[in-house]
There are 4 protein chains.
Amino acid sequence: MSIKIAIVYHSGYGHTAVVAQHVAKGAGEVQGVEAALYKAEDLASPDKGPWDQLAAADAIVFGAPTYMGSASAPFKQFADASSKVWFGQGWKDKLAAGFTNSGSWSGDKLNTLMQFAILAAQHGMNWVNLGLMPGFNKKGSTPEDLNRVGSYLGLMTQANIDEGPETAPISSDRKTAELFGRRVAEAAVRWTKGK
Amino acid sequence: MSIKIAIVYHSGYGHTAVVAQHVAKGAGEVQGVEAALYKAEDLASPDKGPWDQLAAADAIVFGAPTYMGSASAPFKQFADASSKVWFGQGWKDKLAAGFTNSGSWSGDKLNTLMQFAILAAQHGMNWVNLGLMPGFNKKGSTPEDLNRVGSYLGLMTQANIDEGPETAPISSDRKTAELFGRRVAEAAVRWTKGK
Amino acid sequence: MSIKIAIVYHSGYGHTAVVAQHVAKGAGEVQGVEAALYKAEDLASPDKGPWDQLAAADAIVFGAPTYMGSASAPFKQFADASSKVWFGQGWKDKLAAGFTNSGSWSGDKLNTLMQFAILAAQHGMNWVNLGLMPGFNKKGSTPEDLNRVGSYLGLMTQANIDEGPETAPISSDRKTAELFGRRVAEAAVRWTKGK
Amino acid sequence: MSIKIAIVYHSGYGHTAVVAQHVAKGAGEVQGVEAALYKAEDLASPDKGPWDQLAAADAIVFGAPTYMGSASAPFKQFADASSKVWFGQGWKDKLAAGFTNSGSWSGDKLNTLMQFAILAAQHGMNWVNLGLMPGFNKKGSTPEDLNRVGSYLGLMTQANIDEGPETAPISSDRKTAELFGRRVAEAAVRWTKGK
């Protein structure tokens, strides 16, 4: 039996999609774990889309760019559509985690991660965080440090607003995303084993 | 010359619409102030809708139900669409304020108000709060107290999930909404006079 | 081998202490679980107090009244003192949860729970939420409903500002606290078993 | 008659003190404005310290380092001590604003700014934000950009953890602090004139 990690994300310009892929890659490298990507746009209505696959997941990871200080509208449509699942507490006791990208370093991304953590809590899902110490905060340290943005509640990445997803976010953020995916997957294995 | 208060709101089941009307009523009672209601759905795209009227407003009040722990998706579509205004900082130095309704007493409504305050800050809009002491927190006090939910950053109302907008939220919340509208209007008068 | 739940709390007037005791009671009723209460004041410095016992705990539950919109100062002194543990990531992969009390129904308690969740995330501790649907939100429902405040991220209780801890918070909040303690304990058992 | 800006801050290692001085400098450059610095430690009790001077201020700016995800404990002691003022709503209708420093770029500083905004709201104080577009988010842009951290709700600065306040935070943060002080001062002039 394999452990399933579902990554539900929205990406406006492709940067968050790249991050989602690296989260999936890191999760999938854990033995016995399968990670799958789902577009929030395909889950905009409670009556259509791969809701059954989310129901079968052991952990659901939320991902969206931070637009105007919170998760993008297409992600929020998915979140609102999940109220049908919420009503029956269908995701209760699954694990959850989250990631977000923006052009600025802070860029109010923490508010998006909080929004995700609160969404998870309404669903009764326990929350897995990033679990990495911050980088790029010493004399001589560089943006090539892992967790260069200095996040804890989930994964934060930064993509220059005039660069496409081929180059932004930079490689350290992509590696951080893989470690984050791995952490969520390992937590899901442990949580499932302990049942 | 009159001071203009624009109230941009979304309402799913009519409760938030009732609150919006009472906010408008309170604001409109201040001398020299005109309050107007705008549906977030009519501002879902940056290229369509009454954006000119928002540009002409002295204060913009954000209103939405709290769904799954944050402002409803239709409101968020308006917020994202406002990024075009943000890019030119078109609302800079206006005033802003916010209100939200949910079925539960806390119901994570504070997160929606924070989301509004952060949205306002991205626009460079200064934030006006509720300005009322909390009620319904003493022996013998009742839900007929003003600010019975005990909010500060903005207005919170509570509507029973099995009641329609004819009766929910109750009259104390409606009176609180009027005082909130008045407070925002008075702040807009003062802020405009001081220019 | 028993599972250990450490409850670190501050209480200014005794209400939060009562809640802490009910959280401990609920946790202790789970087979194989021992719950212990620690005063934040005894952990105000990194070099003094029962830090070893926190190090040995499987889950740490944070509790404090919400004062002026966030966790009380004596709790915050403990949180700051825990930066020594943070530096060595000594609590990484433990579980965490939180509760808060205030006089008002909302009373900005959500901000305190977020503060706790962020503190936990900095420590790399995964977060267990309340896991109860909200009450007191229907025609004819009463404050005797469980989770009457309508919280998700953790436990919120409400104590009238002119009542002592003998009677406030009311019994439904105390029962909710017990269920919350039980939930955290069951999660700690599962998380430890799955290791 | 001069406009008075009170800056209440705590600084653990001197970085936040430097930022506070630059905020004061920027505020003091506005005609008719006097800015004064107050240490949070001197306001730890409601019965001692320069509370009269805060009462006489037109705007109060809150400043603290972000420790373990929220404002430092000495600042929180001041915030709790201000509950006596809150009870009489002594600061109602003043302006408020806030700034915070940490070693990491995000470093959960947004949570500290939210904590400040909520504290201000409890006092009925309207909130002035940073009002600068974000920098350091384009190809070829550097940390010498203003608002390099990308903050909106207030001022965020970043100081390397192995550098003292002589060199950290860097000059762009200090210039940003001056512009922030200027913005708060200009808002206070306008708000007072409009009375």
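Just so we're clear, the structure is a prediction, and the values are computed from it rather than from any experiment.

What counts and how
- Residues numbered from 1 in each chain as written.
- Chains lettered and ligands numbered in written order.
- Predicted model: local features only at pLDDT ≥ 70, side-chain atom pairs only at ≥ 80, totals over all residues.
- Heavy atoms only, no water.
- Helix = DSSP H or I, 4+ residues; strand = E, 2+ residues; numbered from the N terminus.
- Rg over C-alpha atoms; globule rule 2.2 N^0.38 Å.
- Buried < 20%, exposed > 50% of the residue type's maximum accessible area, 1.4 Å probe, protein only.
- Contact = heavy atoms within 4.5 Å.
- Areas by Shrake-Rupley, 256 points an atom, 1.4 Å probe, with all protein chains shown as cover.
- Buried area = accessible area lost by both parts, 1.4 Å probe.
- Salt bridge = Lys/Arg side-chain N within 4 Å of Asp/Glu carboxyl O.
- Polar contact = N/O pair within 3.5 Å; in protein donor to acceptor, adjacent residues only side chain to side chain.
- Least-squares fit on C-alpha atoms with pLDDT ≥ 70 in both.
- Nonpolar A, V, L, I, M, F, W, Y, C, P; charged D, E, K, R; others polar.
- Lys, Arg positive; Asp, Glu negative; His and termini not counted.
- pLDDT = per-residue confidence, 0-100.
- Axes fitted to C-alpha atoms, helices over the stretch in contact; angles between N-to-C directions.
- Parallel < 35°, antiparallel > 145°, perpendicular 65-115°, else oblique.
- Left-handed = near helix turned anticlockwise from the far one by under 90°.
- Phe/Tyr/Trp six-rings, centres within 6.5 Å; stacked < 30°, edge-to-face > 60°.

Trainee: What is the right way to read the overall build of chain A from this model?
Mentor: Regarding its fold elements, chain A presents six helices and seven strands. The helix and strand sequence of chain A, counted from the amino end, reads β-α-β-α-β-β-α-α-β-α-β-β-α. Relative to the 2.2 N^0.38 estimate, which gives 16 Å for 195 residues, the radius of gyration of chain A is 16 Å and therefore close to what a compact globule would have. In chain A, which comprises 195 residues, the share counted as buried stands at 67%. Sequence-distant contacts in chain A: of pairs separated by 6 or more residues, those separated by 24 or more amount to 76%. By element, 53% of the accessible surface of chain A is carried by carbon and sulfur atoms, the whole surface being about 6,400 Å².

Trainee: I'm lost on the interface of chain C and chain A in this one. Help?
Mentor: You'll often see interface size given as the accessible area lost when the parts meet. Contacts between chain C and chain A engage 31 residues on the former and 31 residues on the latter. Ranking the residues of chain C by area buried against chain A places Tyr152, Arg190 and Trp191 of chain C at the top, with a combined share of 25%. For the interface between chain C and chain A, the tally reads two salt bridges. Asp93 of chain C is the partner of Arg183 of chain A in a salt bridge, and the nearest nitrogen-oxygen pair spans 2.9 Å. At the surface where chain C touches chain A, the tally comes to 13 residue pairs in polar contact (both at pLDDT 80 or more). Ranked by residues supplied to the side of chain C that touches chain A, first place goes to helix H5 (residues 109-122) of chain C with seven residues.

Trainee: Just to check I follow, could you spell out the relation of the copies chain C and chain A for this structure?
Mentor: Here the second copy of the chain follows from the first by a rotation about an axis and a shift along it. Overlaying chain C with chain A gives an RMSD of 0.0 Å, the required rotation being 180° about an axis along which the chain moves by 0.0 Å. Such values leave the two copies arranged in the relation of a two-fold axis. Ranked by how close their C-alpha atoms come to the rotation axis, the residues of chain C are headed by Gly194 of chain C, at 1.8 Å. Both copies share a contact surface, since 100% of the interface residues of chain C are interface residues in chain A too.

Trainee: Explain the environment of Asn101 of chain B to me, please; I cannot follow it from the model alone.
Mentor: All names here are of chain B. Tracing the chain through its elements places Asn101 in strand E5 (residues 95-102). Of the residues examined, Asn101 reaches a relative accessible area of 6% and is grouped as buried. Once the C-alpha coordinates of Asn101 and Pro169 are considered, the two residues, 68 residues apart in sequence, prove to be 8.4 Å apart. In this structure Asn101 touches His15, Thr16, Ala64, Pro65, Thr66, Lys109, Thr157, Gln158, Ala159 and Pro169, once residues within four positions along its chain are discounted.

Trainee: Is there a simple way to think about the relation of the copies chain D and chain A in this case?
Mentor: When chain D is brought onto chain A, the operation consists of a screw motion whose angular component is 180° and whose axial shift is 0.0 Å, with 0.0 Å RMSD remaining. The fraction of interface residues of chain D whose copies in chain A are also interface residues reaches 100%, indicating that both copies meet through the same surface.

Trainee: Would you take a moment to explain the interface of chain D and chain A for this structure?
Mentor: Taken together, the 24 residues of chain D in the interface contact 24 residues of chain A. Of the roughly 2,100 Å² buried between chain D and chain A on both sides combined, carbon and sulfur atoms contribute 56%. At the boundary of chain D with chain A, the tally comes to zero salt bridges. Where chain D meets chain A, there are 12 residue pairs in polar contact (both at pLDDT 80 or more). Of all elements in the fold, only helix H5 (109-122) and strand E7 (155-158) of chain D reach the threshold of two or more residues within the side of chain D that touches chain A. Its residues placed into classes, the side of chain D that touches chain A shows nine nonpolar, nine polar and six charged.

Trainee: Please clarify how unusual backbone geometry should be interpreted in this entry.
Mentor: The bulk of non-glycine residues show a negative phi, and the bulk of peptide bonds are trans. The amide bond that connects Ala168 of chain B to the next residue, Pro169 of chain B, takes the cis arrangement and shows omega of 0°. For Pro169 of chain B, the position within the fold is in the loop between strand E7 (155-158) and helix H6 (171-193). Phi angles above zero are rare outside glycine, and Asp108 of chain A is one such case at about 60°. Mapped onto the secondary structure, Asp108 of chain A falls in the loop between strand E5 (95-102) and helix H5 (109-122). Judged by its relative accessible area of 1%, Asp108 of chain A is buried.

Trainee: Mind showing me how you'd approach the side chain of Asp58 of chain B here?
Mentor: All names here are of chain B. Relative to the helices and strands, Asp58 resides in the loop between helix H2 (51-55) and strand E3 (59-67). For the buried residue Asp58, which engages in no salt bridge, the nearest side chain bearing the opposite charge is Lys4, 6.3 Å off. Sequence-distant contacts of Asp58, that is, excluding residues within four places in its chain, are made with Ser2, Ile3, Lys4, Lys94, Leu95, Ala188 and Thr192.

Trainee: So what exactly am I meant to see when it comes to helix H3 (residues 73-81) of chain B here?
Mentor: Note on helix geometry: an α-helix contains 3.6 residues per turn, so any two residues three or four positions apart are oriented the same way. For H3 of chain B, the tally of buried residues reaches seven of nine residues, placing the bulk of the element in the interior. Of the positions making up H3 of chain B, those classed as buried are Ala73, Phe75, Lys76, Phe78, Ala79, Asp80 and Ala81 of chain B.

Trainee: I would appreciate a short explanation of the pattern of salt bridges in the present structure.
Mentor: Side-chain pairs of opposite charge can arise where the charged atoms are in close proximity. Taken as a whole and judged by the stated rule, the model has 28 salt bridges over all chains. We note a salt bridge from Lys84 of chain D to Asp47 of chain D, for which the minimum N-O separation is 2.9 Å. Taken together, the residues span a long stretch of sequence, with Lys84 of chain D in helix H4 (residues 83-87) and Asp47 of chain D in the loop between strand E2 (33-39) and helix H2 (51-55) at a distance of 37 residues. With its nearest N and O atoms 2.5 Å apart, the salt bridge here joins Asp80 of chain D to Lys76 of chain D. Placement of both Asp80 of chain D and Lys76 of chain D in helix H3 (residues 73-81) is noted, with a separation of four residues, approximately one turn of the helix. Note on accessibility: Asp80 of chain D and Lys76 of chain D belong to one class, buried. Several salt bridges share partner residues, and in doing so they unite Glu29, Arg182 and Glu186 of chain A into one network.

Trainee: Teacher, can you tell me more about the confidence of the model for chain A here?
Mentor: A low pLDDT means the predicted coordinates there should not be read in detail. Predicted confidence across chain A gives a mean pLDDT of 98, with 99% of residues reaching 70 or more. Complex prediction metrics read pTM 0.99 and ipTM 0.98.

Trainee: What's the story with the packing of helix H1 (residues 15-28) of chain A against helix H6 (residues 171-193) of chain A in this structure? I'm lost.
Mentor: The description of two helices packed together rests on the angle between their axes and the distance between the axes. Residues and elements named next belong to chain A. Between H1 and H6, the shortest axis-to-axis distance is 6 Å and the interhelical angle comes to 45°. With respect to H6, the element H1 is oriented oblique. The element H1 and its partner H6 pack so that their crossing is right-handed. Packed against H1, whose contacting residues are Val18, Val19, His22, Val23, Lys25, Gly26 and Ala27, the element H6 presents Arg174, Ala177, Glu178, Phe180, Gly181, Arg182 and Ala185 at the interface.

Trainee: Looking at this structure, how should I read the packing of aromatic side chains?
Mentor: A ring pair, where both rings are aromatic, is described by two values, the distance of the centres and the angle of the planes. Using the criterion set out here, one finds 48 aromatic pairs over all chains in the structure. Aromatic pair Trp105 of chain A and Phe136 of chain A: ring centres 5.5 Å apart, planes at 45°, arrangement tilted. With a gap of 31 residues between them, Trp105 of chain A in the loop between E5 and H5 and Phe136 of chain A in the loop between strand E6 (126-127) and strand E7 (155-158) connect regions that are remote in the sequence. The class for Trp105 of chain A is buried, based on a relative accessible area of 2%. For Phe136 of chain A, a relative accessible area of 12% corresponds to the buried category. With a centroid separation of 6.3 Å and an interplanar angle of 55°, the aromatic rings of Trp191 of chain B and Trp191 of chain D are classed as tilted.

Trainee: Explanation requested: the packing of H5 of chain C against H5 of chain D in the structure shown.
Mentor: Across the interface, H5 of chain C lies against H5 of chain D with an axial gap of 11 Å and an inter-helix angle of 160°. Judged by the inter-axis angle, H5 of chain C sits roughly antiparallel to H5 of chain D. Helix-helix and strand crossings are classified by hand; for H5 of chain C and H5 of chain D the assignment is left-handed. Facing H5 of chain C, whose interface residues are Asn111, Gln115 and Ile118 of chain C, H5 of chain D presents Asn111, Gln115 and Ile118 of chain D. Its residues placed into classes, the contact of H5 of chain C with H5 of chain D shows two nonpolar, four polar and no charged.

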